[in-house]
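The primary structure of each chain is shown beneath.
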Amino acid sequence: MTTTTTTWRELAAELDAADPLAGVRDEFLLDSAPGVTAYLDGNSLGRPLRATATRMTAFIEREWGGRLIRGWTEGWMDWPQQLGDQLGRAVLGAAPGQTVVADSTTVMLYKLARAAVDAAADGRDEIVCDTDNFPTDRYVVEGIAAERGCRVRWIETDPDAGITLDQVRAAVGPRTALALFSHVAYRSAHLADAPGITRAVHDAGGLVLFDLSHSAGSVELDLDGWGVDLAVGCTYKYLCGGPGAPAFGYLAARHHGVLRQPVQGWMGHADPFAMGPGHTPAAGARALLSGTPPIVAMVPVRCGLDLVERVGMAAIRAKSVLLTRFALDLADDLLAGAGVTVASPRADAERGGHVTLRRPDFRAVNDRLWEAGVIPDFRAPDGIRLGLAPLSTSFAEVLEGVQVLAREAGR
Ligand SMILES: *Cc1c(COP(=O)(O)O)cnc(C)c1O
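Residues numbered from 1 in each chain as written. Predicted model: local features only at pLDDT ≥ 70, side-chain atom pairs only at ≥ 80, totals over all residues. Heavy atoms only, no water.

## Topic: the sheet that holds strand β12 (residues 377–379)
Overall, antiparallel pairing links the four strands, which are arranged β9-β10-β13-β12 in an open sheet. Sheet topology places β9 (341–342) and β12 at the edges, where each strand pairs with a single neighbour. Of the pairings in the sheet, the one linking strand β10 (residues 354–358) to strand β13 (residues 383–387) comprises five bridges and is antiparallel in character. Within β13, the residue paired with H354 across the bridge is G387. (Pairing = 2+ DSSP bridges. Helix = DSSP H or I, 4+ residues; strand = E, 2+ residues; numbered from the N terminus.)

## Focus: the domain arrangement of the protein chain
How big an interface is tends to be stated in terms of the accessible area lost upon association of its parts. Along its sequence, the protein chain is organised into domain 1 (5–49 + 312–409) and domain 2 (75–309). A straight line from the C-alpha centre of domain 1 to that of domain 2 covers 28 Å. Taken together, the 35 residues of domain 1 in the interface contact 27 residues of domain 2. Together, the buried faces of domain 1 and domain 2 total about 2400 Å²; carbon and sulfur atoms form 60% of this surface. Remark: the boundary between domain 1 and domain 2 carries one salt bridge. The closest approach of N and O atoms between R358 and D160, which form a salt bridge, is 2.6 Å. Applying the counting criterion to the domain 1 and domain 2 interface returns 15 residue pairs in polar contact (both at pLDDT 80 or more). Among the secondary structure elements, those contributing two or more residues to the side of domain 1 that touches domain 2 are α11 (313–334) and β10. Among the elements that take part in the side of domain 1 that touches domain 2, α11 stands out by supplying five residues, more than any other. Here the residues of the side of domain 1 that touches domain 2 are counted per class, giving 16 nonpolar, 11 polar and eight charged. (Domains from an automatic or database assignment. Contact = heavy atoms within 4.5 Å. Buried area = accessible area lost by both parts, 1.4 Å probe. Salt bridge = Lys/Arg side-chain N within 4 Å of Asp/Glu carboxyl O. Polar contact = N/O pair within 3.5 Å; in protein donor to acceptor, adjacent residues only side chain to side chain. Nonpolar A, V, L, I, M, F, W, Y, C, P; charged D, E, K, R; others polar.)

## A short note on the site of the ligand
Near the ligand there are 13 residues, and of these T106, D211, H214, Y236 and K237 occur at the shortest range. At a separation of 3.3 Å, a nitrogen atom of the ligand approaches a polar side-chain atom of D137. Contact between the ligand and Y236: an oxygen atom at 2.7 Å from a side-chain N or O atom of the residue. Burial of the ligand by the protein amounts to 86% of the accessible area it has alone, namely 390 Å². Along the lines of polarity and charge, the residues of the shell around the ligand split into three nonpolar, seven polar and three charged. (Near = heavy atom within 4 Å. Areas by Shrake-Rupley, 256 points an atom, 1.4 Å probe, with all protein chains shown as cover.)

## Some remarks on the pairing of strand β7 (residues 230–233)
Residue alternation in β7 divides its side chains into two sets, L230 and V232 and A231 and G233, and both sets are buried. Relative to β7, strand β6 (residues 207–211) runs parallel, the two sharing three bridges. Each bridged residue has a counterpart across the sheet, and for L209 the counterpart in β7 is L230. (Buried < 20%, exposed > 50% of the residue type's maximum accessible area, 1.4 Å probe, protein only.)

Next comes the structure, spelled out in structure tokens:
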């Protein structure tokens, strides 16, 4: 056991020494949480950057305080699209003009899904979704189905894996209006075959919407190249936008002016300050906006995106794969004997940025971990989810987390 521990410690040190992103870790406010020895939930709420604290203060003093209402005409109005374009370039594989930052993921999901269902040809009255999709996605499509008199066609997915291309092929058909899936499954981290699924849904004549909440900032994306129609996602997870940071919405250019989202507020109007009668949607993805953009909440998103763009998604994904592989190797060595099972894909190409481990008593074990300063996430009924944010997580931190888990799971 001592030898094993030493070996693992040496290996973690080697991996950290060889990590090209090791220095990026110091750009985060690591000392603000005394007692936390392993933060393994950066996929639920990313850590804050040092730059974010500085930039928030500067924003309040100089831009909000200094420019007051003038700030709107001096640039704030364009932030939803500016940030959207940066996100498209740095993270999504989306050309400019198709992405905006606005709303929450839930609200943006509703707007995009409703737009797709409303635009469907007669007879296309089904929304395809899977039973292990994130709760808000399931609830939103059920709400839309009730509102529009359509039906949800549920695909039963394995919670330890995720949606497969064969399942999608079998579920879509002449009645499909929209298919909605998470790209990286929130529970297992299963990485869906987005290009294959997109083709399958298109072959059946439907539109596809991907929820990228666990993908954006962890895996490489090519929305334009894959031919995806619509996408949504969070900025408070891997993109470090802070609690409640706004979401993003992507609407492929070919749907501009065709798909219309239902919450037609003044900020999505072609000329908001004309304040005239009737709603004329703005050109392009701007039409996805409804109300006043959350400018203050976008300041941290800018900081997160600047860092992601500087480092590059290829390097982020490369580290992410090494982190999850390291966590799986540790789990196999230190936890398998304690009755813990791995509930995430083993193949790197099928796994996003987190690893879920299961045992029936893990709810209580997770509580003990939090008390001990190790912070993963618990996912009902029995999963401990290790979220390994590549920009801020070290290999030593993963080792510390799994070792404390092994200790607590052995009690
Ligand atoms: C985190 C997450 C959300 C969150 O939606 P909010 O509206 O921000 O609460 C939605 N979908 C998925 C897949 C998520 O992982």
